[in-house]
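Descriptive analysis of the structure
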Amino acid sequence: LEFCVVCVSPEEERRVRANDREYNEKFQYASNCIVTSKYNVITFLPVNLFEQFQEVANTYFLFLLILQLIPQISSLSWFTTIVPLVLVLSITAVKDATDDYFRHKSDNQVNNRQSQVVIHGSLQKEKWMNVRVGDIIKLENNQFVAADLLLLSSSEPHSLCYIETAELDGETNMKVRQSLSVTAELGDPNSLASFDGEVVCEPPNNKLDRFCGLLCWRDCKYPLSNHNMLLRGCVLRNTETCYGLVIFAGPDTKLMQNSGRTKFKRTSIDRLMNTLVLWIFGFMVCMGVILAVGNAVWEREVGSLFQSYLAWDLPVDNFLFSAFLSFWSYVIILNTVVPISLYVSVEVIRLGHSYFINWDRKMFCPQCNTAAEARTTTLNEELGQVEYIFSDKTGTLTQNIMSFSKCSINGHAYGGFGKKTDTNTPYGTRLDFSSFNPLADPDFCYYDNGLLKSVKLGDLHSHEFFRLLSLCHTVMSEEKKEGELMYKAQSPDEGALVTAARNFGFVFRSRTPGTVTVTELGRPVTYTLLAILDFNNIRKRMSVIVRNPEGRIRLYCKGADTLLFERLHSSNNHLMNITTDHLNEYAGDGLRTLALAYRDLSEEQWEEWSERHRQADRATDCREDRLADIYEHIEQDMMLLGATAIEDKLQEGVPETIAILSLANIKIWVLTGDKQETAVNIGYSCKMLTGDMTEVFIISGNTVLSVREELRYSNYLYSSLYPSISLFLPLAIYLSIPPSIHLSLYSSLYSISGEFALVINGHSLAHALEADMEGEFVSTACVCRAVICCRVTPLQKALVVELIKKHKKAVTLAIGDGANDVSMIKTAHIGVGISGQEGIQAVLASDYSFSQFRFLQRLLLVHGRWSYLRMCRFLCYFFYKNFAFTMVHFWFGFFCGFSAQTVYDQYFITLYNIVYTSLPVLAMGIFDQDVPEQRSLEYPKLYEPGQLNLLFNKREFFICITQGIYTSVVLFFVPYAILSHGTQGTGEPLADYQTFAVTTATALVIVVSVQIALDTGYWTAINHFFVWGSVGSFFTIMLAMHSQTLFSIFPNQFHFVGSAQSTLVQPLVWLTIVLATVICIVPVLAFRFLKLDLKPQLSDTVRYTQLVRQKTRKPAGRCMGGVRVGGVPEGRLGARGGFRRSGYAFAHQEGFGELITSGKNMRLSSLALANFASRHSSSWIDTLRKKKHSNTHPPQTARDLPLFPRKPTTPCETDRQMDR
């Protein structure tokens, strides 16, 4: 990103005075103008040309053009180089200008948004770009925050305001911000205009969750924290108006500080081509030197004898100068080994691949009416080489929509699909709650009539279950009119649970700081709210203590089952065992589970505990620890009610996509700002994490030392499973190894991958990314099949991607949908934006965009793989045909006195790469396939050659040019040997220059055309037309140029009238052409047949298998890397036995209960709230299984370790043998 600001020295602190632009401008703070474009009208031409000539090839061709303008050394006309060079530069410039135009358009759209600024006591409309630091801005409901603001006042009670931070951290739940009490009364423009407070705070930084500063006003200082700030990118929700003081603007805002810089991305093939161009240039210089030396020797020994009648042209006066000029002449002649048409063709092929992505109807989302879009044309083949995918969670893997799915009440399980529980209501038909409960949410979906019947029949346990859900929460309710309820939950989990209770007859209606009003089966009941025992990350539960109208006091608790079960009364053991089985089943389905319990309290117990709670609450030291002890004391001997299971709705096809990409040897890392348990639950839901993984490493240390020990301990556990790489050191000694020795000893871990996973939080990651520890982190993470990084900042996401790029030299892809993912998207080799619910920031910064994560498998396994395959085949053939074409000049130099005479006429040289051979190779590069798209998806192992860079590398390049040199030898010496002694039918000799040139050129065109016919794996009508049409065009053009007609029109240009006609009627010439073609092609055919028989590639086996299937006419199932997926109905993935996860508490924020009991967040006005409508989740394929365990080849002794379960063996051995 570039910004329209003046660069100044880094700030040590920032001072901002309200309503004083003159004072603030002397610090030269950045304006609020954002510029993401690269050019303007003045700078476009020079900057763009400078960027284009950074390409080695463009500079090389410019150098050749200069040489061709020197008549003494030019053997070819200058137009043969300048026309294609200008064409390439123009096409690239138009593409860059178009891209930058859309950046300008986006910038103008943002910068011209309107905001209301307090100026001289009145509100005036200003564009965002004109807002300055120190201005006071008025925001209204549902408006974006224009800059980083200090909240001064709000229309809400206690100066609270509610914001949505999806653009920042991907979370769509509401967050609360509050102004200082001293500024809360500044609620109108007149009072705000007189506000002259000064803020002293930290300089601009990228830390989204931290702000430190002081407000100096009226001779007092007031501390400021992140709780008082509204950051750019947030949206004001459920708040009529608020006012804020601009602290950071434009590029200084935390959103932009986390955006990173736009990087020029190039593919690995581009980088390799630059290297190869330099090598080819060196090779060409060597050939030029050889021929120049030959020229010097020939001129001195032989040429000097002809000086009397064939003198040197001026200014040549000796054989050395003649050799010098000859060198540059041969550089010009031999430059066609890398013609500029190569780069034109590459751009055309990439453009075609981009259009294929844009036109793919299978990547079109009808719900969003959004098609896939290739926003760049330069990275298509890189899509076929991805090894690491870095994904956001919220909005990318999930829809961030929670729905009440299943529950267990007093040992009875409810919910799910697949059977009938009532003769009248089929299980799977959505229940209609409207007749039973007029206050039911019409968007609520549930299918088990048994649970509704239990409530209707008056089951006490069911009533108490839903009563707990309607009371134990921190949800706020608004009722615009009778019966039209809207819930505002700070976590979507809570909203789902309260909505479930509402539909089953226990409707939460309203609350005050001391009461909760619920409608229970149509009867209004008001409970006295005695206490809220708030959630935190250590407790992993929350409780409320209420008194019912009869005076009975009861504690209701919900939280993580692992902690809540420890606090149950001993009489619950049998029920706890049954509920545990249900929880295991729910967790196996990837649901977020939660246990519910209650405890009755006597008046004496309540009074005693209440007094202790008041004392702890008033403590000045260790207040949190004291309160935790008090909470722990009352949350004992509880009675178990049951458990809930909430589905965090994944996007359609996410588990299948992750499974398929894993089979393609692509490692997926989830980088999310969510809490650890939330992210882990999603990991299990989408099958990144599974119950039969050998080990899931948890890194949660808060210090450098603790993180290092945890990383080393993880490595130690891993190495203990692999005695072949283990050092057999005791753990204490292992942990004390210095980092440098540790990395050198365990570098072998990099190449091994097992069924392991790593989970690390943001605090630990900050230490793991330090220079002295990053190697150990990478060595641990890269042996894991899945990595989840939790609570990470946008910048940390980018640093993780950069770390893998640095250490693994692998192609990385980042995918996300929010502004918090922009930095990661820009850092990765390939950035993919999801056009979801969190704005378009990610899409604007991306290289590719679509609406669903599931389209990623098609983008990579079909379009990416084909693009890589086509580009590699194109390059191999292109280098082959041009070495075959150019090296003939080299051999001819030894027979023409090293005079820089060309074998072919200049028209053939010009048209060879533009007409005769350009279209067939373009057709292959655009349309070629090795297997159909269905097989590309069914056999993900086909993707691995791209990851290993097997199809085009330095070895393949040398093979291509060797074949090209061999072909040039055949094409020169076979005609030379035959024609030098051949005669026409009249007895006249055939050994003349023009006959030899026509014969060689014809043989060359036929040989390279036959070769591309052999290389083409997928024939279309276009391929046939281009291949055979190019051969026909060669004969047509050649006969036309040697015709009497053209000679009569241009006698000085076309000298050899009738040469082609007279040559091509000679049987000996055609015998020569056929013999040269056979000698060139037969070895290639023999080699390919032997390779296919002795060492077939997987694609060869897949094609053969497809032919066998077609012949036997058996129904074909899907097989993915050896795992068949055909003929099984869709359903949920298999359960993970023995693993239980409770996800509710961890999507919640601490401190919300205190806001409720203090009354600060009680609403006085009715405002529109977010709609937390539930939708059906997509079904999952039941039969996807993991890759074969033997891929990692753990030794037999490792399986005997009791600490780690053995991975089960999967079926389909026949298909696996094929995959090998």
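Basis of the calculations
- Residues numbered from 1 in each chain as written.
- Predicted model: local features only at pLDDT ≥ 70, side-chain atom pairs only at ≥ 80, totals over all residues.
- Heavy atoms only, no water.
- Helix = DSSP H or I, 4+ residues; strand = E, 2+ residues; numbered from the N terminus.
- Buried < 20%, exposed > 50% of the residue type's maximum accessible area, 1.4 Å probe, protein only.
- Contact = heavy atoms within 4.5 Å.
- Areas by Shrake-Rupley, 256 points an atom, 1.4 Å probe, with all protein chains shown as cover.
- UniProt positions renumbered as here; feature names shortened; annotations may be inferred.
- Polar contact = N/O pair within 3.5 Å; in protein donor to acceptor, adjacent residues only side chain to side chain.
- Salt bridge = Lys/Arg side-chain N within 4 Å of Asp/Glu carboxyl O.
- Core = buried A, V, L, I, M, F, W, Y, C linked by side-chain atoms within 4.5 Å.
- Expected span 1.5 Å × (residues − 1).
- Phe/Tyr/Trp six-rings, centres within 6.5 Å; stacked < 30°, edge-to-face > 60°.
- Pairing = 2+ DSSP bridges.
- Axes fitted to C-alpha atoms, helices over the stretch in contact; angles between N-to-C directions.

Of regular secondary structure, the chain possesses 42 helices and 35 strands. The buried share of the chain, taken over its 1220 residues, is 58%. Put simply, 76% of the contacts in the chain that link residues at least 6 apart link residues at least 24 apart. Summing over all exposed atoms, the chain offers an accessible surface of approximately 49800 Å²; the carbon and sulfur share of this is 58%.

Moving on to the UniProt feature "binding site: Mg(2+)" (unreviewed entry) in the chain. Summarizing the sequence annotation, UniProt attributes the feature "binding site: Mg(2+)" (unreviewed entry) to Asp392, Thr394, Asp817 and Asp821 in the numbering used throughout. Their sequence span is 430 residues, while the largest C-alpha to C-alpha distance among them is just 10.8 Å; these annotated residues converge on one region. Relative to the helices and strands, Thr394 resides in the loop between β15 (386-391) and β16 (398-409). For Thr394, a relative accessible area of 3% corresponds to the buried category. Residue placement: Asp817 occurs in the loop between β31 (811-816) and α26 (822-827). Among the polar contacts listed, one links the side chain of Asp817 to the side chain of Thr396, at a separation of 3.4 Å.

Opposite charge on two side chains makes pairing possible when the charged atoms of those side chains draw close. Throughout the structure, instances matching the rule amount to 48 salt bridges. Residue Asp270 pairs with Arg350 through a salt bridge whose shortest N-O separation is 2.8 Å. Within this pair, whereas Asp270 is found in helix α8 (residues 268-301), its partner Arg350 is found in helix α10 (residues 341-359), the two being separated by 80 residues in sequence. An identical accessibility class is assigned to Asp270 and Arg350; each is buried. In this structure, the salt-bridge partner of Arg350 is Glu381, at a minimum N-O distance of 2.4 Å.

In terms of nonpolar packing, the biggest core is built from 99 residues, with Leu342, Leu875 and Phe908 touching the most fellow members. In this structure Leu342 touches Met273, Phe874, Leu875, Phe878 and Phe879, once residues within four positions along its chain are discounted.

Compared with the 16 Å implied by 1.5 Å per residue over 12 residues, the 17 Å span of helix α13 (residues 492-503) between its first and last C-alpha is a close match. Of all 12 residues in α13, 12 are buried; the element is thus mostly enclosed. Here α13 has its buried residues at Pro492, Asp493, Glu494, Gly495, Ala496, Leu497, Val498, Thr499, Ala500, Ala501, Arg502 and Asn503. Gly505 sits one or two positions beyond α13 and adopts a positive phi of about 105°.

Applying the stated criterion to the full structure yields 61 aromatic pairs. Geometrically, the ring pair formed by Phe444 and Tyr446 is stacked, given 6.3 Å between the ring centres and 15° between the ring planes. Given the relative accessible area of 4%, Phe444 is considered buried. Clustering of aromatic rings is evident, with ring pairs tying together Phe890, Trp891, Phe892, Phe894, Phe895, Phe898, Phe972, Phe973, Tyr976, Tyr993 and Phe996.

Within the open sheet, the 9 strands sit side by side as β14-β33-β32-β31-β15-β27-β30-β29-β28. Their pairing is mixed. Unpaired on one side and paired on the other, β14 (373-374) and β28 (695-699) mark the two borders of the sheet. With 2 bridges joining them, β14 and strand β33 (residues 848-850) adopt antiparallel strand pairing. Directly across from Glu373, in β33, lies its bridge partner Ser849. Where helix α25 (residues 794-808) meets the sheet, its contacts fall on β15, β27 (667-671) and β31, and the angle it forms with β15 comes to roughly 165°. Across the sheet, helix α28 (residues 855-893) touches β15, β31, β32 (830-834) and β33, and the angle it forms with β33 is around 140°.

Here the focus is unusual backbone geometry. Non-glycine residue Asp219 carries a positive phi angle of around 65°. Within the secondary structure, Asp219 sits in the loop between β9 (213-217) and β10 (220-224). Residue Asp219 is classed as exposed on the basis of its relative accessible area of 87%. A positive phi is found at Arg791, a non-glycine position, where the angle reads about 50°.

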